[in-house]
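# Architecture and fold: a report
Residues per chain, in single letters:
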Amino acid sequence: FNRHYADRLKIRELLSRQSENQMSRTDLMNYSNFDKEQLDKALTSEIESGKIEVIKIPTGGRPSIQYKLTT
């Protein structure tokens, strides 16, 4: 069993538990207990495979980024 794949599954599970299937990067990092590198690898793989989409929300300054589980 691939450790990297297990990380990807954990990210998907965390997102699926949310009411709108989306979370911020900070929340994902806090709930998953992954370090930055581990979270980056999992998110990049999931985005490239089309399982997760990135949503940028304009805030007047730096945009808020949410990660959403695609259905």
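Residue positions are counted from 1 within each chain, in the order its sequence is given. Thresholds applied to this predicted model are a pLDDT of at least 70 for local features of residues and 80 or more for the giving and counting of side-chain atom pairs; totals over whole chains, interfaces and linings are not thresholded and use all residues. To obtain the side-chain values, all non-hydrogen atoms of the structure were included, while hydrogens and water were left out.

## Brief notes about the pairing of strand S3 (residues 64–69)
Note the cut-off: Pairing between strands is defined by DSSP: at least two bridges between them are needed. Think of it this way: any DSSP run of H or I at least four residues long counts as a helix, any run of E at least two long counts as a strand, and we number them from the N terminus.
With three bridges joining them, strand S1 (residues 22–24) and S3 adopt antiparallel strand pairing. Paired with Gln-22 across the strands is Lys-68, a residue of S3. Judged from the six bridges that link them, strand S2 (residues 52–57) and S3 form a sheet pairing that is antiparallel. When the sheet's bridge partners are listed, Ile-52 is paired in S3 with Leu-69. In textbook terms, the turn of a hairpin is the stretch between consecutive antiparallel strands, and for S2 and S3 this stretch comprises six residues, one of which, Gly-60, has a positive phi near 95°.

## Overview of the nonpolar core
To keep it simple, the criterion reads: Working definition of a nonpolar core: buried Ala, Val, Leu, Ile, Met, Phe, Trp, Tyr and Cys residues. They are joined through side-chain atoms within 4.5 Å. Three labels apply to residues, based on accessible area from a 1.4 Å probe with only protein chains included: buried if under 20% of the type maximum, exposed if over 50%, partly exposed otherwise in between. Contacts between residues were defined by any pair of non-hydrogen atoms, one from each residue, lying within 4.5 Å.
Ile-11, Leu-14, Leu-15, Met-23, Leu-28, Phe-34, Leu-39, Ala-42, Leu-43, Ile-52, Tyr-67 and Leu-69 together form the largest nonpolar core, which totals 12 residues. For this core, the secondary structure elements donating two or more residues are helix H1 (3–16), helix H3 (36–49) and S3. Ile-52 has contacts with Ile-11, Leu-15, Leu-43, Glu-46, Ile-47, Tyr-67, Lys-68, Leu-69 and Thr-70, leaving out every residue within four places of it along the chain.

## With respect to the side chain of Asp-7
As for its position among the elements, Asp-7 is in helix H1. In this structure Asp-7 touches Phe-34, Gln-38 and Ala-42, once residues within four positions along its chain are discounted.

## Section: unusual backbone geometry
Its identity as a non-glycine residue notwithstanding, Asn-21 has a phi of 55°, on the positive side. Here Asn-21 shows up in the loop between H1 and S1. A positive phi angle, close to 60°, is found at Asn-33, a residue other than glycine. Assignment of secondary structure puts Asn-33 in the loop between helix H2 (25–32) and H3. Its relative accessible area of 65% is what places Asn-33 among the exposed residues.

## Let's talk about H1
This is how the line gets drawn: Helix span, as expected, comes to 1.5 Å for every residue beyond the first.
Between its first and last C-alpha, H1 extends 20 Å over 14 residues, near the 20 Å set by a 1.5 Å rise per residue. Every buried residue of H1 is listed here: Ala-6, Asp-7, Arg-8, Ile-11, Arg-12, Leu-14 and Leu-15. Where H1 is buried, its residues touch S1, H2, H3, S2 and S3.

## Remarks on the pattern of salt bridges
Note the threshold: Here, a salt bridge means any Lys or Arg side-chain nitrogen found within 4 Å of an Asp or Glu carboxyl oxygen.
Scanning the entire structure with this criterion turns up seven salt bridges. In this structure, the salt-bridge partner of Asp-7 is Arg-3, at a minimum N-O distance of 3.1 Å. Taken as a pair, Asp-7 and Arg-3 lie in helix H1 at a separation of four residues, close to a single helical turn. Arg-3 gets classed as exposed once you look at its relative accessible area, which sits at 57%. We note a salt bridge from Glu-46 to Arg-8, for which the minimum N-O separation is 2.4 Å. In this pair, Glu-46 is assigned in helix H3 and Arg-8 in helix H1, connecting sequence segments 38 residues apart. Neither Glu-46 nor Arg-8 differs from the other in exposure class; each is buried. A single network of salt bridges, built from pairs that share partners, joins Arg-8, Arg-12 and Glu-46.

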